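One-letter residues, chain by chain:
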Amino acid sequence: MRHRMQWRYFAVLLIPLVMILSIAVALISITHNQGMAAMEDDWIYFINDAQDSAIYKMRLDGSEMQEVCSDRTACLTVSEGWIYYCKEDSDNNIYKVRT
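Residues numbered from 1 in each chain as written. Predicted model: local features only at pLDDT ≥ 70, side-chain atom pairs only at ≥ 80, totals over all residues. Heavy atoms only, no water.

This next bit is on the side chain of Ser-53. With respect to the helices and strands, the residue Ser-53 is situated in the loop between strand 2 (43–48) and strand 3 (54–59). Ser-53 gets classed as buried once you look at its relative accessible area, which sits at 7%. With residues up to four places along the chain from it excluded, the contact list for Ser-53 reads Ile-47, Asn-48, Asp-71, Arg-72, Thr-73 and Glu-88. (Helix = DSSP H or I, 4+ residues; strand = E, 2+ residues; numbered from the N terminus. Buried < 20%, exposed > 50% of the residue type's maximum accessible area, 1.4 Å probe, protein only. Contact = heavy atoms within 4.5 Å.)

What follows covers the pairing of strand 6 (residues 82–87). Looking at chain direction, strand 5 (residues 73–79) and strand 6 are connected through 6 bridges and run antiparallel. Paired with Leu-76 across the two strands is Tyr-85, which belongs to strand 6. Taking the residues between adjacent antiparallel strands as the criterion, strand 5 and strand 6 are bridged by 2 residues, where Glu-80 takes a positive phi near 50 degrees. (Pairing = 2+ DSSP bridges.)

The subject of this paragraph is the pattern of salt bridges. Considering all chains together, one arrives at 4 salt bridges under this definition. Of the charged contacts, one joins Asp-71 and Lys-87 as a salt bridge, the two residues approaching to 3.9 Å between their closest N and O atoms. A residue pair is termed long-range when its members are at least 10 positions apart, and Asp-71 in the loop between strand 4 (66–69) and strand 5 and Lys-87 in strand 6 qualify at 16 residues. (Salt bridge = Lys/Arg side-chain N within 4 Å of Asp/Glu carboxyl O.)

These figures come from the coordinates and say nothing about function on their own.
Spelled out as structure tokens, the structure:
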């Protein structure tokens, strides 16, 4: 009976710990690319350093690569058909362009 009681206390402590670790892993995976790329639907949006840090997109299979915006970009994210980005030379302003 005593072992069952100890297991309950262990389970009560373990569940919040697992939740905290899951959130931490999710945050790490989101921020791992440092705002250099994002994905929505069948497209990957990314900052192309080889093209003066312009915003490009391409299909998940690597096809149809095309420039979306020629601004020198520091970071980006994509949401509901819009690309939100910061220019390298702006004062922390946020800009947006359609995907």
